[in-house]
Amino acid sequence: VSTRRFLKGGSEELSRELDGRISAFEVKDCDLAGRTGALKVGSREVMTPALMPVVNPNLLEKGYPLTPFRLKEEFGFDIMITNSYMIRKNPDLSSRALELGLHRLLDFDGIIMTDSGTFQSYVYGGGGKNEVDVDPLEIVEFQRNIGSDIGTILDRFTTPDTDRQRADSDLRETMSRGSLSLEKKGQMELAVPVQGGLHLDLREEAGRLVREMGVRYSPIGGVVPLMESYRYAELVDVIISAKKGLGPSIPAHLFGAGHPMFIPLAVALGCDLFDSASYAKFAKDGRYLTMDRTRHLREMESFPCSCRTCSRMEPKEMLELPPLEREALLAEHNLWSLRAVMGEVRSAIREGTLWELVERSASFHPSLYEAVRHLGDRADFLEDNAPATTRRFMCSDLNLGICRPEFRRYRRSLCKNYRYPDADEMVLVKGTSGLRGTVGSRKLHSSFGRGSWVVVTTPIGPVPSELLDMYPPGQSVLPPIDSLPGEIRNEVENHVKAFSEGWAGPVRSADADSLSDDAVEKAPSGLDLHRIINVSRMQFGRETDLEIDRVLLGEYSDLSLLKERVVLRTSRRTGKVRNVLAVDGDKEEHILSLRAEDGHFTLKLAGGARLHHAGWPYRVTVDSETGEYNAMGYNVFCRFVLSAGECIRPGDEVLVVDPSGSLLAVGQARITGRHMVEGDSGVAVKVREGIKGK
Ligand SMILES: [Zn+2]
């Protein structure tokens, strides 16, 4: 259980300041470690994941046609980034910025972030090895004085080849500047970057220090050299380490890494913001940006895009335009395609198909493919964050699909929680794509009725018939097992073997077609009861040793006893179990409902009370004052969460309790337990039923 630390490691003064919050970050939907959300700074708001175009103030002065006003009004970018160091260096710009303020100077009514010159010092050198001619505190004050929404401290840029000692001393310097800068920031939000080069322990420590400092926005810095040389697998490690330290509540900005190819993977790891100077830089070189690569305008015969710019002309016509006009049009297309990528990523998270998008992006570059494969080695991170259930998924490349957190979770849970049925024999059936299509449910019922218990062999592993409707196996479309690469097939066969060995009875392999097709008037309750037992064990027993089925349904020695104690209400249309009621004397209690869309249970208050009584760890403790409202059926907000089970993932059923441990409500977690405790905005638990009614 993680517990909220009031003052969050900062000074008392700092925590007072946090109460008059300047920015808020609310997470809405989650998929893998990615999320959609809203970042509010002052009165302005942007939906995340978001990309901010980099605006060069000097180019604007020269009449660059893509003005910030157009970026917002025409292209819909609600956030942009510009460089305060460049503004300050230009005396005329600087004095106008101070006089008018940044929003009026640039004519942009969205969120403006400013950078401080760190990257310039990396690119151009500057005074000393790694310094620009600017005082770290002065540049923060300057950003504040020109009215930047999110300023950035002057951190030390640590390159990937920096040795540990140097990276460590740079990190200490960055952190000390960070805490000094916080005192100067005034009403501006201040970004403190996570550096540390390729030293992963330093990255994680930097993230933790930033969080404990009370910082509410953090870029992951020093990654451009990795991006430029396609070192994506190392970049994955860097992001994961930084994110582990930062935690889920702080919006993470992958600094300088706005290439569309890498965005889906970065988002899947929990990056929320990106910046891109590439739309303009590429356009200057005559390059046309798409999701998978960049092309030279000269080499193109037609545009693979239907944006406002591309649908208006052919590449040939664009080539014939005067250079400046051509550059501007190319930049426009590049912006449209960046905008499209962000839209695609956001909708994939909402639909629960982010992995599919990551898989597709992996085909754009061999290094990217390797980086996605590498996720298999970092599966613990994805599992710490990924939702308990999403919608059905499609898996076409199992070399990558095998790294999905669902696969590992399912196998582990089957191993730990599954209860073997009383049957005469186990019948192993090879699954083809679309598991439920493999073995008609009528066939399953009838086979089961005769004492044969069907287990389907799938790329996920063995799937007992009663789990065929449960996410993940029941909701996925998978390649046939015979088409798997040898290594993966061996792995699956080992799982099946281990599973069969756990069962004492005889095992037979069979063809799906050879199974009995006898019509059965009424499905035998054996299968349905086993579904209740095993779905509840798999779903609620993930991080606990409780015998969940017995906690929920009461002790039983065999199924016939249980049959008298449980009433199953089935859907009239589909014949499938909908509601589970427990019989207690002459009283019936509705404890669970089975959801059609993912085959998981929703927990009713009576079921929650039984789990609560047994000490089930999926609980969220809220402050007693707001707990009153949760008991009446209102949602739980992060800032009132005192502690929460670390086992909680988005989508998990949870108990809401007061500080004395009494049950107030049951509901569904929107975010992880860690996020509930560390975060201070947004919904933590969607309450379904409270003890004082809805
Ligand atoms: Zn286009």
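Residues numbered from 1 in each chain as written. Predicted model: local features only at pLDDT ≥ 70, side-chain atom pairs only at ≥ 80, totals over all residues. Heavy atoms only, no water.

(A) Seen up close, the environment of Gly 679. Structurally, Gly 679 is set in the loop between helix H30 (673-678) and strand E30 (683-690). Between the C-alpha atom of Gly 679 and that of Ala 665, which follows or precedes it by 14 residues, the distance is 21 Å. (Helix = DSSP H or I, 4+ residues; strand = E, 2+ residues; numbered from the N terminus.)

(B) Quick look at the sheet that holds strand E2 (residues 23-31). Spatially, E2-E3-E4 is the arrangement adopted by the three strands of the open sheet, whose pairing is antiparallel. Each edge of the open sheet carries a strand with a single partner, namely E2 and strand E4 (44-48). On average, each strand axis in the sheet is tilted by 15° relative to the strand beside it, whichever way the strands run. Both E2 and strand E3 (residues 34-41) contribute to a ladder of seven bridges, which runs antiparallel. In the sheet register, Asp 31 faces E3, and the bridge partner there is Gly 34. Against the sheet, helix H16 (residues 323-351) makes contact with E2, E3 and E4, and its axis sits at roughly 60° relative to E2, the strand it touches most. (Pairing = 2+ DSSP bridges. Axes fitted to C-alpha atoms, helices over the stretch in contact; angles between N-to-C directions. Contact = heavy atoms within 4.5 Å.)

(C) Examining the pairing of strand E21 (residues 566-570) more closely. Where E21 meets strand E22 (residues 577-584), five bridges bridge the pair, whose relative direction is antiparallel. Each bridged residue has a counterpart across the sheet, and for Arg 569 the counterpart in E22 is Asn 579. The hairpin formed by E21 and E22 contains six residues between the paired strands, and Gly 575 there has a positive phi angle of roughly 75°.

(D) The confidence of the model for the chain, seen in detail. Taken over all residues, the pLDDT of the chain has a mean of 88, while the share at 70 or more is 90%. Here residues 126-130 scores under 50 on pLDDT; set against residues more than four positions off or in separate chains, the count is seven contacts. Contacts for the low-pLDDT stretch residues 518-524, under 50 throughout, to residues beyond four places or in other chains number six contacts. (pLDDT = per-residue confidence, 0-100.)

(E) Here's a closer look at the sheet that holds E22. Strand order in the open sheet made by the four strands is E21-E22-E23-E24, with antiparallel pairing throughout. Pairing within the sheet leaves two strands with one partner each, and these edge strands are E21 and strand E24 (601-603). Neighbour to neighbour, the strand axes of the sheet diverge by 35° on average, direction disregarded. Relative to E24, strand E23 (residues 587-594) is paired through three bridges, and the arrangement is antiparallel. Following the sheet pairing, Leu 594 is matched in E24 by Phe 601.

(F) Structural detail: the coordination of the zinc ion. Around the zinc ion, the protein contributes the donor atoms Cys 305 (SG), Cys 307 (SG), Cys 310 (SG) and His 333 (ND1), at 2.1 to 2.3 Å from the metal centre. Metal-centred angles of 98 to 120° between the four donor atoms at the zinc ion mark the site as tetrahedral. According to the relative accessible area criterion, Cys 305 is partly exposed, its value standing at 22%. Residue classification places Cys 307 among the buried positions, given a relative accessible area of 10%. (Donors = N, O, S within 2.8 Å, 3.2 Å for Na, K, Ca; no water. Tetrahedral: all angles 85-135°; square planar, octahedral: opposite > 155°, others 65-115°. Buried < 20%, exposed > 50% of the residue type's maximum accessible area, 1.4 Å probe, protein only.)

(G) Summary view of the packing of helix H9 (residues 164-182) against helix H10 (residues 200-212). Direction vectors running N to C along H9 and H10 enclose 10°, while the axes themselves pass 11 Å from each other. Classified by the angle their axes make, H9 and H10 are roughly parallel. Each of Arg 164, Ala 167, Asp 168, Leu 171, Arg 172 and Met 175 in H9 lies in contact with H10, whose residues at this interface are Asp 201, Leu 202, Glu 205, Ala 206, Leu 209 and Val 210. Of the residues that constitute the contact of H9 with H10, the class distribution is seven nonpolar, no polar and five charged. (Parallel < 35°, antiparallel > 145°, perpendicular 65-115°, else oblique. Nonpolar A, V, L, I, M, F, W, Y, C, P; charged D, E, K, R; others polar.)

(H) Just the pattern of salt bridges, in detail. Taken as a whole, this structure holds 52 salt bridges when the rule is applied. In this structure, Glu 501 engages Lys 497 in a salt bridge whose closest nitrogen and oxygen atoms are separated by 3.9 Å. Within this pair, Glu 501 and its partner Lys 497 are both found in helix H24 (residues 486-501), separated by four residues, close to a single helical turn. Taking relative accessible area as the criterion, Lys 497 reaches 52% and is therefore assigned exposed. With its nearest N and O atoms 2.8 Å apart, the salt bridge here joins Asp 549 to Arg 537. Taken together, the residues Asp 549 in helix H26 (residues 548-553) and Arg 537 in helix H25 (residues 525-540) connect sequence positions 12 residues apart. As far as burial versus exposure is concerned, Asp 549 and Arg 537 are alike and both buried. Three or more residues joined by partner-sharing salt bridges are found here, namely Arg 419, Arg 537, Glu 547 and Asp 549. (Salt bridge = Lys/Arg side-chain N within 4 Å of Asp/Glu carboxyl O.)

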